[in-house]
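If you want the building blocks of each chain, they are given just below.
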Amino acid sequence: MYSELPEGHPIRTYLQEAELIQNLLEEMMQTDPQVDYQKFYNLFNHLSTVEKRFQRKENQLFPFLEQKGWTNPSQNMWSFHDTIRDIFRLVRKNLEEKDLNAAQTNVRYIEDNLGRLLNVEANILFPNALQLLTE
């Protein structure tokens, strides 16, 4: 169904980003910051740009869904986003303090929460958005 979306369609873009996020998560989880700190740090920084994606959904997608009467995503996904933002801040602090054990532990929370978020997007948010938003 998604492969039928034209190039540049917002949902197709979100799905392409989700694939990149999954790949970055996987690579970061396989990187030991004790062994290759710079690679881990770079992957973390690249992954932390997911914040821009959250802002796009919050400011561009959710308002249109609310206009159609579907407020569930904006109410629940903001909470998901805020939790993930908090964990990113925590890991950044861990890295700044060179507490690599804590950073490695806390990125697991990023992996878990981002994984759940991407699953909700793919199985609930985007299919419903495609049905509700025809323009």
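Attention in this report is confined to the structure presented alongside it.

Rules and cut-offs
Residues numbered from 1 in each chain as written. Predicted model: local features only at pLDDT ≥ 70, side-chain atom pairs only at ≥ 80, totals over all residues. Heavy atoms only, no water. Helix = DSSP H or I, 4+ residues; strand = E, 2+ residues; numbered from the N terminus. Buried < 20%, exposed > 50% of the residue type's maximum accessible area, 1.4 Å probe, protein only. Phe/Tyr/Trp six-rings, centres within 6.5 Å; stacked < 30°, edge-to-face > 60°. Axes fitted to C-alpha atoms, helices over the stretch in contact; angles between N-to-C directions. Parallel < 35°, antiparallel > 145°, perpendicular 65-115°, else oblique. Left-handed = near helix turned anticlockwise from the far one by under 90°. Contact = heavy atoms within 4.5 Å. Nonpolar A, V, L, I, M, F, W, Y, C, P; charged D, E, K, R; others polar. Expected span 1.5 Å × (residues − 1). Bend = angle between axes of the 7 residues up to and from the residue. Salt bridge = Lys/Arg side-chain N within 4 Å of Asp/Glu carboxyl O.

Brief notes about the side chain of N94
Of note, N94 is situated in helix 4 (residues 72-96). For N94, a relative accessible area of 6% gives the class buried.

Quick notes on the packing of aromatic side chains
By the definition in use, this model includes three aromatic pairs. With 5.3 Å between their ring centres and 15 degrees between their planes, Y14 and F126 make a pair best called stacked. With Y14 in helix 1 (residues 10-29) and F126 in helix 5 (residues 100-132), the pair connects residues that are 112 residues apart, well separated along the chain. With relative accessibility at 0%, the residue F126 sits in the buried group. On the basis of an interplanar angle of 40 degrees and a centroid distance of 5.4 Å, the ring pair of F44 and F88 is categorised as tilted. Remark: F88 occurs in helix 4 and F44 occurs in helix 2 (residues 37-47); sequence separation between them is 44 residues.

A few points about the packing of helix 2 against helix 4
Two numbers describe how helix 2 lies on helix 4: the axes approach to 11 Å, and their chain directions differ by 155 degrees. Taken together, the axes of helix 2 and helix 4 lie roughly antiparallel to each other. As for how helix 2 packs across helix 4, the hand of that crossing is left-handed. Two secondary-structure elements touch here, helix 2 through Y37, F40, Y41, F44, N45 and L47 and helix 4 through F88, V91, R92 and L95. Residue composition of the contact of helix 2 with helix 4, grouped by class: eight nonpolar, one polar and one charged.

Here's the deal with helix 5
Quick reminder: α-helices carry 3.6 residues per turn. Residues three or four places apart thus point the same way. With 33 residues, helix 5 extends 45 Å from end C-alpha to end C-alpha; this agrees with the ideal 48 Å at 1.5 Å per step. Along helix 5, the helix axis deviates most sharply at E121, where the bend reaches about 45 degrees.

Points about unusual backbone geometry
In this model, K98 sits at a positive phi of 60 degrees, which is unusual for a non-glycine residue. For K98, the location among the structural elements is in the loop between helix 4 and helix 5. Its relative accessible area of 54% is what places K98 among the exposed residues.

Some remarks on the pattern of salt bridges
Counted by the stated rule, this structure contains twelve salt bridges. Between E121 and R53 there is a salt bridge whose closest N-O contact spans 2.8 Å. Here E121 is found in helix 5, whereas its partner R53 is found in helix 3 (residues 50-67), with 68 residues between them in sequence. Where K93 meets E97, a salt bridge forms, and the shortest distance between an N and an O atom there is 3.2 Å. Residue class for K93 comes out partly exposed when judged on its relative accessible area of 45%. When salt bridges that share partners are traced, they join E17, R53, R56, K57 and E121 into one network.

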